[in-house]
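As a plain string of letters, each chain reads:
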Amino acid sequence: MLQVLAPTDFSDNSYNALFYVAHLLKKEECTFHILNVFDKGDTACKNKCKEGLDAIAHRLIRDVGRNRKHKLKKIPLRSSLTQGVSSYAQQHGIDFMVIGNKGKDETKDILFGNNAMQLVREVNCCPILIVPLEIDFKKVEKIAFISNYSHPIPVEGVKALKFMNFVTESIVVPMTIEDGKDNKTILGHKTDFFNALSLNMSKEVILPVFEDKAKTILEFVDLWEIDMLGMVYYPHHFFLEFIGKGIIKELNVKLSVPFLILPFKAK
């Protein structure tokens, strides 16, 4: 049974993420761990947390319908946000995590909207899907995967991408930014990835090198009618370089489709 972690701060954006993934995985046997982390230890706070979790579970059943393949587990947890979510994911064998991202026009300080990238850095044991607040669920037909292949695509990342491809019955669109296209190491990493992914993959899309890479990626997502964007999280390499340049943060804010962060584990 798939173990799905859905942290919530009781906001609309965290609920929308849970709603989305319940639709996405409607045919899969899943246990949804609906987790609320609070940092105050009094009884009143814990009781309020339990009431909020009960309300979310009832709302989900009302909105999505009762699914016999889905089990809901409600967890109040006293901890700091990132430490609590990360520890819970590792200790309970979580296979997949989903978090919400605040809306583009939303100015309210929303927990997971502001801390999405911090959670991505801390939770490295499973894929993470970041779901924008504004979107409604629709069938995923195209998943774009972006890499410059400077480093190998890890086995865990390939497995996660193949699983999402299988669940959605979609086509994976490999997208490459044209850095180092003649480098033999890069070509080797790319060939290994294409061979590992194999089925249900479209022809590779090569994007030209522009100074504003985030804008290039966003335009590609829109032009190709991409339904989900995937990328591997490399703690000290490609991904971190993107974060340093603000690209990942900009994508996270401006993307209008779910953002799938694939896991990386060093051998």
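Please refer to the structure higher up on the page.
Notes on the structure in this doc start here. (Residues numbered from 1 in each chain as written. Predicted model: local features only at pLDDT ≥ 70, side-chain atom pairs only at ≥ 80, totals over all residues. Heavy atoms only, no water.)

Brief notes about the sheet that holds strand 4 (residues 96-101)
Here's step 1: If you trace the 10 strands from one edge of the open sheet to the other, you get 3-2-1-4-5-10-9-6-7-8, paired in mixed fashion. Edge strands, defined here as strands with exactly one partner in the open sheet, are strand 3 (70-78) and strand 8 (205-207). In this sheet, adjacent strand axes meet at a mean angle of 25° when their direction is disregarded.
Here's step 2: Examined bridge by bridge, strand 5 (residues 128-132) and strand 10 (residues 259-262) share three bridges and lie antiparallel to one another. Counterpart to leucine 129 in the pairing with strand 10 is leucine 260.
Here's step 3: Those strands touched by helix 3 (residues 81-91) are strand 1 (2-7), strand 2 (30-38), strand 3 and strand 4, and its axis lies near 155° from that of strand 2.
Here's step 4: Packing of helix 7 (residues 213-223) onto the sheet brings it into contact with strand 6 (142-147), strand 7 (171-177), strand 8 and strand 9 (228-232), and relative to strand 7 it is tilted by some 155°. (Pairing = 2+ DSSP bridges. Helix = DSSP H or I, 4+ residues; strand = E, 2+ residues; numbered from the N terminus. Axes fitted to C-alpha atoms, helices over the stretch in contact; angles between N-to-C directions. Contact = heavy atoms within 4.5 Å.)

Describing the packing of aromatic side chains
Here's step 1: This structure, assessed with the given rule, holds seven aromatic pairs.
Here's step 2: Summarising the aromatic geometry, the rings of tyrosine 20 and phenylalanine 137 are spaced 5.1 Å apart at their centres and angled 65° between planes, so their arrangement reads as edge-to-face. Remark: phenylalanine 137 occurs in the loop between strand 5 and strand 6 and tyrosine 20 occurs in helix 1 (residues 12-24); sequence separation between them is 117 residues.
Here's step 3: Clustering of aromatic rings is evident, with ring pairs tying together Phe145, Tyr149, Phe193 and Phe194.
Here's step 4: Over the face of the ring belonging to tyrosine 15 we find arginine 59, whose NZ or CZ atom lies 3.7 Å from the ring centre. (Phe/Tyr/Trp six-rings, centres within 6.5 Å; stacked < 30°, edge-to-face > 60°. Lys NZ or Arg CZ within 6 Å of the ring centre and 35° of its normal.)

Notes on unusual backbone geometry
Here's step 1: One non-glycine residue, tyrosine 149, lies in positive phi territory at about 60°.
Here's step 2: Judged by relative accessible area, tyrosine 149 falls into the buried class, the value being 0%.
Here's step 3: Unusually for a residue other than glycine, glutamate 225 sits at a positive phi of about 55°.
Here's step 4: Mapped onto the secondary structure, glutamate 225 falls in the loop between helix 7 and strand 9. (Buried < 20%, exposed > 50% of the residue type's maximum accessible area, 1.4 Å probe, protein only.)

Some details on the environment of serine 14
Here's step 1: Mapped onto the elements of the fold, serine 14 is located in helix 1.
Here's step 2: Given a relative accessible area of 4%, serine 14 falls into the buried group.
Here's step 3: Residues serine 14 and valine 98 lie 84 residues apart in sequence; the distance between their C-alpha atoms is 8.6 Å.
Here's step 4: One polar contact links serine 14 to threonine 8, side chain to side chain, over a distance of 3.1 Å. (Polar contact = N/O pair within 3.5 Å; in protein donor to acceptor, adjacent residues only side chain to side chain.)

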